[in-house]
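As a plain string of letters, each chain reads:
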Amino acid sequence: MTIAPDTLPEIPEAEVLREDNGYHAFCGLTCTGWLYQKMKDSFFLILGTHTCAHLMQNALGVMIFAKPRFGVAMVEEGDLSAPQIDITDIVKNIVEEHNPSIIFLLNSCTPEIMKVDFESMARRLNQQFNNVPVLPVRADGLEYTMTQSEDCVIESLLQFCPVAPAGDKRIVFMGAVNDVNTTDLKREAEKLGLPVAGFVPANTIGELPAIGPDTILAPLHPYVAKSITQFSRLRGAKVLQSQFPIGPDGTRVFFEDLARHFGKEINLAEREAEIWRNLESKVSAIRGKRIFITGDNMLELPIARFLRKCGAELIEVGTPYVNRKFHKRELQALNGLRVVEMPNMHRQIRDIRELKPDLVVTNFWEANPFEAEGIATKWSTEIIFTPIYGFTGASDLANLFARALNRHRKLDVLDWKEFLPNNQEN
């Protein structure tokens with residue numbers, strides 16, 4: 001990975017502790033939920049079990065007659081002894097009914113345990129459906145969080161990005177964001193006189209931008225390190241090392257660093273201050289609150305940086321994975337905080353019950369029991385589906401946490417704790 005600028009000031013970073021827990025993240029298959037909507041000419045085919053199908057149906061909440069552009073090819077008992085799983089007829093039906101430009105073939109835990117050869121399976125399908133590429137993508141929950149699976153999908157798209165010639169110095173934003181954030185980020189860059197080539201992923205495969213040795217890859221998410229590394233290594237593109245454009249502070253740093261790649265020194269301090277002033281009603285609900293982040297979506301570092309800037313006290317920042325090179329600027333912004341990689345879930349639950357934070361940012365299977373114990377929570381999954389990027393996304397970002405705290409305060413007024421078993425307050 002080529003990181004620029006090459007000489008960054010030595011700033012102390014947050015100390016990262018590593019515990020021994022596995023990922024407690026939402027299944028990697030659920031990245032389908034936002035990616036199939038982002039890539040409007042795609043189809044996501046999952047090779048999985050009935051459990052996978054129930055997850056996708058319930059988690060994404062799509063009615064069966066809506067004909068969504070994703071589906072599950074069931075692994076049946078007979079497939080366990082078969083030399084190869086044949087999904088040719090399923091792919092044929094998808095091509096005839098949905099006419100996609102590209103099909104992503106996602107593995108799940110069961111095929112991974114069965115050691116299904118996805119590369120060979122995709123190669124055979126590509127020979128039969130040569131007008132519709134079938135791309136194998138690792139998305140099983142054994143090794144990938146829900147957001148890292150997006151990284152795998154993006155990595156598979158490199159082959160469809162045209163090669164930009166030397167001297168074509170433009171920005172390619174990396175990471176799936178919705179159309180509102182896409183428009184805002186592009187408009188912000190162009191307002192600063194920074195040329196934009198496009199986004200990966202794009203809305204259609206034909207809109208993927210050209211990438212070459214002078215392209216500046218600007219990561220929008222903390223979890224696209226794998227694809228960024230591949231794009232940089234194979235095309236020689238340079239990678240922006242900065243904070244991620246989440247919150248007014250991160251967005252300011254992101255665009256100021258981006259401008260330096262084009263020889264421009266800009267100062268967005270007044271713009272940032274204006275956004276903070278507009279957020280005051282929401283920030284005031286967060287200020288002074290003690291917040292504990294258990295960690296599962298890999299957005300924890302920039303979210304913690306934003307909450308700290310709001311005036312919250314971060315008790316702990318848990319996260320599934322820290323890439324010390326890719327996350328360097330975020331770790332610098334978190335200096336002095338307790339950052340725990342692969343945190344032990346049981347230790348965290350014990351600490352939360354003892355420390356009683358004002359808000360716990362966590363996955364939904366831990367959130368509901370905490371709520372029942374009187375501890376306010378925010379579902380970390382909800383952050384993924386909210387347009388939080390750029391200056392215009394700051395309001396939605398602040399509202400996520402302010403709303404949870406305000407709701408809990410209003411519940412206290414209703415004396416709902418009287419309905420707890422044995423009238424326990426916690």
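The preceding data block contains the structure.
The structure presented is a predicted model; accordingly, all values stated were derived computationally and were not measured. (Residues numbered from 1 in each chain as written. Predicted model: local features only at pLDDT ≥ 70, side-chain atom pairs only at ≥ 80, totals over all residues. Heavy atoms only, no water.)

Focus on the nonpolar core
We count it as follows: Definition used in this section: a nonpolar core is a set of buried Ala, Val, Leu, Ile, Met, Phe, Trp, Tyr and Cys residues joined via side-chain atoms within 4.5 Å. When a residue's accessible area, from a 1.4 Å probe over protein chains only, is under 20% of the maximum for its type it is buried; when over 50% it is exposed; and in between it is partly exposed. Any two residues whose heavy atoms approach within 4.5 Å are treated as being in contact.
Formed by 105 residues in total, the largest nonpolar core has its most connected members in Phe104, Phe173, Val200, Leu258, Ile303, Leu307 and Phe401. Not counting the four nearest positions on each side in its chain, Val200 is found in contact with Ile154, Leu157, Cys161, Val172, Phe173, Met174, Gly175, Leu208, Pro209, Ile211 and Phe231. Counting residues in hydrophobic clusters, the runner-up holds 19 residues, among them Leu45, Val116, Leu125 and Val134.

Some remarks on the sheet that holds strand E13 (residues 338–341)
What counts, and what does not: What makes two strands pair is DSSP finding at least two bridges between them. Secondary structure is summarised from DSSP: a helix means a run of H or I of at least four residues, a strand means a run of E of at least two, and numbering begins at the N terminus for each. Note on definitions: angles span 0 to 180 degrees between N-to-C directions of axes, and those axes are lines fitted to C-alpha atoms, for helices only across the stretch in contact.
Here six strands make up an open sheet; going across it, the order is E2-E13-E12-E11-E14-E15 and the pairing parallel. In this open sheet, the two strands that pair with only one neighbour each are strand E2 (15–18) and strand E15 (377–379). Strand-to-strand twist across the sheet, computed as the mean angle between neighbouring axes with direction ignored, equals 20°. In this sheet, E13 lies alongside E2 in parallel orientation, the contact comprising four bridges. Within the sheet, the bridge partner assigned to Leu17 lies in E13 and is Val340. In the packing of helix H12 (residues 300–309) onto the sheet, contacts are made with strand E11 (290–293), strand E12 (313–319) and E13, and the angle to E12 comes to roughly 175°. Its contacts with the sheet place helix H14 (residues 345–355) against E11, E12, E13 and strand E14 (359–362), and it is angled at close to 170° to E11.

Quick notes on the sheet that holds strand E5 (residues 102–107)
Taken together, four strands build an open sheet; the order of strands is E4-E3-E5-E6 and the sheet is parallel. Edge positions in the sheet fall to strand E4 (70–74) and strand E6 (134–137), since each has one partner strand and no second. Between one strand axis and the next, the sheet turns through 25° on average, direction left out of account. Here strand E3 (residues 42–48) runs beside E4; their pairing, made up of five bridges, is parallel. Counted as the bridge partner of Gly48 is Met74 from E4. Along the sheet, helix H3 (residues 88–98) contacts E3, E4 and E5; its crossing angle with E3, the most-contacted strand, is approximately 155°. Lying on the sheet, helix H5 (residues 118–128) is in contact with E3, E5 and E6; it crosses E6 at an angle near 170°.

Some words on the packing of aromatic side chains
Under the convention used in this document: To pair, rings of Phe, Tyr and Trp, with the six-membered ring standing in for Trp, must have centres within 6.5 Å; the planes then decide the type, stacked if under 30 degrees apart, edge-to-face if over 60, and tilted in the middle.
One pass over the structure, following the stated rule, counts ten aromatic pairs. Consider the rings of Tyr36 and Phe70, whose centres lie 5.1 Å apart with planes at 65°: the pair is edge-to-face. Of this pair, Tyr36 sits in helix H1 (residues 32–38) while Phe70 sits in strand E4, and the two are 34 residues apart along the sequence. Residues Tyr36 and Phe70 agree in their burial class; the two are buried. Taking the centre distance of 5.8 Å and the plane angle of 15° together, the rings of Trp276 and Phe306 count as stacked. Taken together, the residues span a long stretch of sequence, with Trp276 in helix H10 (residues 269–278) and Phe306 in helix H12 at a distance of 30 residues. Grouping residues by exposure puts Trp276 and Phe306 together as buried.

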